[in-house]
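Overview (structure and organization)
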Amino acid sequence: MRGIKRAGILMLAVVLMFAFSTSVLFAKGTQEKQKAAAGKKEAAPAGKVVVNYWSRKTGSDGDVFSEFIKGFNTANPNIEVKMQVLPWGEYYGKVRASILTGNAPEVFDVSVYSPPMFLKYVESFTKEDFTKAGINMADYAASAWEAVKFNGKYYGFPDGIVPLGFYYNPVLFKAAGLNPSTPPKNLKEFVEQGKKLTKDTNGDGKINQWSIIMTDNNMMRTWFWESILDQNGKSLLNADKTKANFNNKAGLDAINVFLDMSRKYGIAPKVPGNSGNAFITKLAAMDFDGVWTRKMFKDKITFATAPMPQLGSVKPAIWSSMDIFLFPKGYRTKNPAKWEATMSFAKWVMSKKFQLEYTKAAGQLASRLDALNDPELRADPHVNGFLEEVSSGMVVYAPALKTTQEIYGVISESLAAVFAGKLSAEKALAQSEKQVNQILARK
Amino acid sequence: MKTNTRSLVLLRKKVTPFLFLLPFLSFYVVMQLFPLFQNLRVSFTEWDMMSPEKPFVGLANFKYLFFSDPFFWVSVKATLLYIVLNVPSKIVIGLALAVVLNQRLWGKAFHRTAIFLPFVINSAVVGLLFGWILDPQSGMLNYFLQKFGIPPQQWLVDPTWTMEIVVLVTIWWSIAFNTIVYLAGLQGIPEELYDAAKIDGCSPWQSFWHVTLPGLRDTTMFIVIMQVIGSFQAFGNIWLLTHGGPVNATRVLMIHLYRIGFYYFRMGQAAAIAVIIFIIVLVLTLIMLSMFRKSELKN
């Protein structure tokens, strides 16, 4: 019996040792892989350098982009760009895991507030680098370069600008006796026109056309609230981004202006909803939405765009993100052929032809000035409002911090409670301020 | 020589079972034990999922969760509410269905299949399916309600009833598990006990109370433990229905863990939540086991 027990323990020890050694070997292999990131990618088809590009373009913008890439691959027979679109929810986790395990793609895109998460792990550039690469920085919006600049270095290529903005239905404007070429520019005009657009069209005593439906998307609501906060002369965080700066009259007014659409002016229903769908189904004559939505609206409804009306009291402003290309460290020094191919692809994305065509075909706006000022685009009602927002300098980029996503997370939950009638605006701001300061205070 | 052969045979006898166990044990150690201890280690570190360094921070992650995290207690509350609503209702409904299906019933096989079918659907599909059905603007449920003159309801948008709706969906999806287990338990109760109860003049209700329920004690213990553990692990169906909202109404611990770990990349804190869940489940299971044992001894 004792012998059996001893043998059993011995066997178990052997098994455990085997299992742990497998784990250790596995872990060690992972670390080695990480060190040799650049050299260990999959074999390219004969004579071709493969460039893996990971993207969060999950909408129609991704479809358009991948079609454009086919053109690039045809024009560059020695390079094959493989685009992989990953869902938003898991995107940054997968990119991080790929960097950790040494399987990072050669290039990936991020939003304007995400580069700080990756600064240690991606290539940086100097002005000279861009000049050598044949990219004239003066050809692009200065604010776009500022968005990729950290600690005096540039950490990526500003691929495109993605602002929020204002859509309206000119047909419903005409039917309400309004001039579609003079959409509202401020709160007074917005309410006046909104009252004319809010009506019972079938005579059943119930309103079936609202001027606007407030979005039920927590994040979008937060970004629009931040836009009005900026319009009221304040910003989300203080100048050195160490404290919350929104628990004040400007923040409160920014909430109230949206609540008032229903409770004071009666031009929006009390309950928020899918504002884009409401706009398509003509339940709403106007819509506050992102530039990316225009592609979805295009085939479904007659619409026009205008700069976001100034609903705040100080200046015009609108929240914006950007699409930024980042390049994981390793390839530049360890695999020059791959790096060169990646740079060819990046330069192609920054070219006037691509930026212009992509802006025409998809959602986001070009970061190139000549594409932004293209006369054909400027005359296109589907996009000219957004272009005007960028060129007039009213876009405000989301603050770039490692914790921005988390900060938006806590604010959006508080605002959701306000719009659900579960929390007062004052309490929501105080609660969010405390939480945001806790996040910012964390090392 | 003879002794050598005998000891070789003896050794083979001792070694062979372990060789058969080796594949499973290796898998168990690599995929279960190792991650368990690795998780415990990470819970005492600060790790952003990318950095090769994981600095030791002691109990800081636990301290943060208990005293500074704005959503930890919110998610504990949501988890407890989910358990309170989910576990008892699934036990009662599961038992009721099992008792009905255990009777001589027309189309018994069909009914059993019908009850079991939702259980084979993936939780992600259940989430998406009910997300469509309950959509306030274009959902099927509101469409039918409007047909009967009832105004559309803000399903999954108004936080007041969201948890109850999530639990109802979970019951529809997973009630088959309890039903099948209870059905097996019912079939294990000797028929003679019912005959004896009948002879003693017991009504059907008295038979159920004095024969069926005591006969299902072990089954119930198993179900309660499994349901409590399962409720702490609830994620997929809730995530796809509500993402933990609205206003954190359904932000159960697993959703909080996922957000902290995979949205905000604070892996140390996410691992600490996993450790807390593990300890809670362990303690609850031990308490429940001891309660059942005491009641068994009493009987």
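Worth saying up front: this structure is predicted, and the values here are computed from it rather than measured. (Residues numbered from 1 in each chain as written. Chains lettered and ligands numbered in written order. Predicted model: local features only at pLDDT ≥ 70, side-chain atom pairs only at ≥ 80, totals over all residues. Heavy atoms only, no water.)

1. Notes on the overall build of chain B
In plain terms, the rule: Secondary structure elements follow DSSP: runs of H or I of four or more residues count as helices, runs of E of two or more count as strands, with numbering from the N terminus. Each radius of gyration reported is based on C-alpha atoms, and the globular scaling rule is 2.2 Å times the count of residues to the power 0.38. Buried, partly exposed and exposed residues are distinguished by accessible area as a fraction of the type maximum, computed with a 1.4 Å probe on protein chains only: under 20%, between the cut-offs, and over 50%, respectively. Any pair of residues with heavy atoms lying within 4.5 Å of one another is described as a contacting pair.
The number of helices and strands found in chain B is 13 helices and 0 strands. Taken from N to C terminus, the helices and strands of chain B fall in the order α-α-α-α-α-α-α-α-α-α-α-α-α. Computed over the C-alpha atoms, the radius of gyration of chain B is 25 Å, more than 25% above the 19 Å expected from 2.2 N^0.38 for a compact globule of 299 residues. Each principal axis of the C-alpha atoms in chain B carries an extent, and together these give about 75 × 60 × 35 Å. Within chain B, the fraction of its 299 residues that count as buried is 40%. Residue pairs at least 24 apart in sequence account for 67% of intrachain contacts in chain B once pairs closer than 6 positions are excluded.

2. Some thoughts on the domain arrangement of chain A
Residue and element names in this part refer to chain A. Rules: Where each domain begins and ends follows an automated or database-derived domain assignment. Throughout, buried area stands for the accessible area (probe radius 1.4 Å) lost by two parts on being put together, summed over both.
Examined at the domain level, chain A breaks down into domain 1 (45-162 + 322-378) and domain 2 (164-319 + 400-441). Each of domain 1 and domain 2 was reduced to a C-alpha centroid, and the two centroids are 31 Å apart. Across the contact, 16 residues belong to domain 1 and 14 residues belong to domain 2. Regarding the contact of domain 1 and domain 2, the summed buried area is about 1200 Å², with carbon and sulfur atoms giving 63% of it.

3. Regarding the interface of chain A and chain B
Put simply, the rule reads: Here a salt bridge means any side-chain nitrogen of Lys or Arg lying within 4 Å of a carboxyl oxygen belonging to Asp or Glu. Polar here means any residue other than Ala, Val, Leu, Ile, Met, Phe, Trp, Tyr, Cys and Pro, which are nonpolar, and Asp, Glu, Lys and Arg, which are charged; Gly is therefore polar.
Listed by partner, the interface residues are 41 residues for chain A and 35 residues for chain B. For the pair chain A and chain B, the interface holds 1 salt bridge. Here Arg266 of chain B ties to Glu406 of chain A by a salt bridge, and the two come within 2.1 Å at their closest N and O atoms. Elements with a contribution of two residues or more to the side of chain A that touches chain B: α1 (2-35), α3 (88-100), α4 (115-118), α19 (404-419) and α20 (425-441) of chain A. It is α1 of chain A that contributes the most residues to the side of chain A that touches chain B, 13 residues altogether. Among the residues making up the side of chain A that touches chain B, the classes are represented as 22 nonpolar, 12 polar and 7 charged.

4. Focus on a nonpolar patch on the surface
All names here are of chain B. Rules: Patches in this entry comprise residues that are over 30% relatively accessible and not in a salt bridge; like charges within 9 Å are linked, as are nonpolar side chains (Val, Leu, Ile, Met, Phe, Trp, Tyr) within 5 Å. Only the protein chains shown count as cover for residues, and all accessible areas are computed by the Shrake-Rupley method using a 1.4 Å probe.
Residues Leu36, Phe37, Leu40, Phe278, Ile279, Leu282, Val283, Leu284, Leu286, Ile287 and Met291 make up a contiguous nonpolar surface patch of about 990 Å² in total accessible area. With 8 residues, helix α13 (residues 267-298) is the largest single contributor of residues to the nonpolar patch. Take Leu286: it is sitting in helix α13. The class of Leu286 is exposed, set by a relative accessible area of 52%.

5. Overview of the nonpolar core
For the record, the criterion: In plain words, nonpolar cores are sets of buried Ala, Val, Leu, Ile, Met, Phe, Trp, Tyr and Cys residues tied together by side-chain atoms within 4.5 Å.
Judged by nonpolar contacts, the single largest core of 145 residues is most densely connected at Phe65, Phe108, Phe118, Phe157, Trp225, Phe288 and Phe345 of chain A. Looking at this core, the element that brings in the most residues is helix α10 (residues 249-263) of chain A, giving 8 residues. The residues touching Phe345 of chain A, leaving out its near neighbours within four places in the chain, are Tyr53, Phe65, Ile69, Phe72, Val81, Val107 and Phe325 of chain A. Membership of the second largest hydrophobic core comes to 62 residues, among which are Val76, Leu101, Leu134 and Trp173 of chain B.

6. Quick look at the packing of aromatic side chains
A ring pair, where both rings are aromatic, is described by two values, the distance of the centres and the angle of the planes. Going by this rule: The pairing test for Phe, Tyr and Trp rings, Trp by its six-membered ring, is centres within 6.5 Å, and the orientation test on the planes gives stacked under 30 degrees, edge-to-face over 60, and tilted for anything in between. We call a charge positioned above a ring when the Lys NZ or Arg CZ atom is no farther than 6 Å from the ring centre and deviates by at most 35 degrees from the ring normal.
Throughout the structure, instances matching the rule amount to 67 aromatic pairs over all chains. Taking 5.1 Å as the distance between ring centres and 45 degrees as the angle between the ring planes, the aromatic pair formed by Tyr53 of chain A and Phe325 of chain A counts as tilted. In this pair, Tyr53 of chain A is assigned in strand β1 (residues 49-55) and Phe325 of chain A in strand β10 (residues 318-326), connecting sequence segments 272 residues apart. Here Tyr53 of chain A matches Phe325 of chain A in class, with each residue buried. These aromatic residues form a ring-pair network of at least three members: Tyr53, Phe65, Phe68, Phe72, Phe325, Phe345, Trp348, Phe354 and Tyr358 of chain A. When the ring centre of Phe118 of chain A is taken as origin, the NZ or CZ atom of Arg96 of chain A, which lies over that ring, is 5.9 Å away. The lysine or arginine in question, Arg259 of chain B, covers the ring of Tyr263 of chain B, its NZ or CZ lying 5.2 Å from the ring centre.

7. A look at the environment of Leu187 of chain A
Residues and elements named next belong to chain A. Structurally, the position occupied by Leu187 is in helix α8 (residues 187-197). Sequence spacing of Leu187 and Val257 is 70 residues, and the spatial spacing of their C-alpha atoms is 8.7 Å. Those residues in contact with Leu187 that lie beyond four places of it in its chain are Val257, Met261, Tyr265, Gln310 and Leu311.

8. Observations concerning the side chain of Asn237 of chain B
Within the element layout of this structure, Asn237 of chain B appears in helix α11 (residues 236-242). Beyond its immediate chain neighbours, meaning those up to four positions away, Asn237 of chain B contacts Tyr82, Ser123, Gly127, Thr170 and Trp173 of chain B.

9. Notes on unusual backbone geometry
All names here are of chain B. Gly245 connects to Pro246 through a cis peptide bond whose omega is -15 degrees. One can find Pro246 in the loop between α11 and α12 (253-263). The phi angle at Asn248 is positive, at roughly 65 degrees, despite the residue not being glycine. On the secondary structure map, Asn248 appears in the loop between α11 and α12. The phi dihedral of Phe265 falls on the positive side, at around 60 degrees, and the residue is not glycine. Mapping Phe265 onto the fold places it in the loop between α12 and α13. In this structure Phe265 comes out as buried when scored by relative accessible area, which is 3%.

10. Thoughts on the domain arrangement of chain B
Residue and element names in this part refer to chain B. Basically, it comes down to this: For this analysis, a polar contact is any N or O atom pair within 3.5 Å, provided that within protein one partner can donate a hydrogen and the other can accept it, and provided that sequence-adjacent residues contribute only side-chain to side-chain pairs.
Considered domain by domain, chain B is made up of domain 1 (1-42) and domain 2 (61-298). With centres defined by C-alpha atoms, the gap from domain 1 to domain 2 works out at 37 Å. Listed per partner, the contact involves 4 residues of domain 1 and 7 residues of domain 2. A buried area of about 360 Å², summed over both sides, lies between domain 1 and domain 2, and 70% of it is on carbon and sulfur atoms. Taken together, the connections running from domain 1 to domain 2 amount to 0 salt bridges. Joining domain 1 to domain 2, the criterion identifies 1 residue pair in polar contact (both at pLDDT 80 or more). Across the side of domain 1 that touches domain 2, the residue classes break down as 3 nonpolar, 1 polar and no charged.

11. So, the packing of helix α2 (residues 60-67) of chain B against α13 of chain B
Residue and element names in this part refer to chain B. The line we're drawing: An axis is simply a line fitted to the C-alpha atoms; with a helix, the fit covers only the stretch in contact. Between two such axes, the angle follows the N-to-C directions and lies from 0 to 180 degrees. By definition in this entry, angles of less than 35 degrees are roughly parallel, angles greater than 145 are roughly antiparallel, angles of 65 to 115 are roughly perpendicular, and the rest are oblique.
At a minimum axis distance of 9 Å, the contact between α2 and α13 shows a crossing angle of 75 degrees. Taken together, the axes of α2 and α13 are roughly perpendicular relative to one another. Mapping the contact onto sequence places Asn61, Phe62, Tyr64, Leu65 and Phe66 in α2 and Gly268, Gln269, Ala272, Ile273, Val275 and Ile276 in α13.

12. A few points about the side chain of Gln227 of chain B
Residues and elements named next belong to chain B. Inspection of the secondary structure puts Gln227 in helix α10 (residues 217-233). In this structure Gln227 comes out as buried when scored by relative accessible area, which is 7%. Once residues lying within four places of it in the same chain are set aside, the contact partners of Gln227 are Asn86, Val87, Lys90, Phe177 and Asn178.

13. Quick word on the pairing of strand β6 (residues 157-168) of chain A
All names here are of chain A. Put simply, the rule is: Two strands qualify as a pair provided that DSSP identifies no fewer than 2 bridges between them.
In terms of residue burial, β6 counts as a mostly covered element, since 12 of its 12 residues are buried. Strand direction decides the pairing type here: β6 and β10, joined by 6 bridges, are antiparallel. Looking across to β10, one finds that Gly160 is bridged to Asp323. Here β6 runs beside strand β11 (residues 365-366); their pairing, made up of 2 bridges, is antiparallel.

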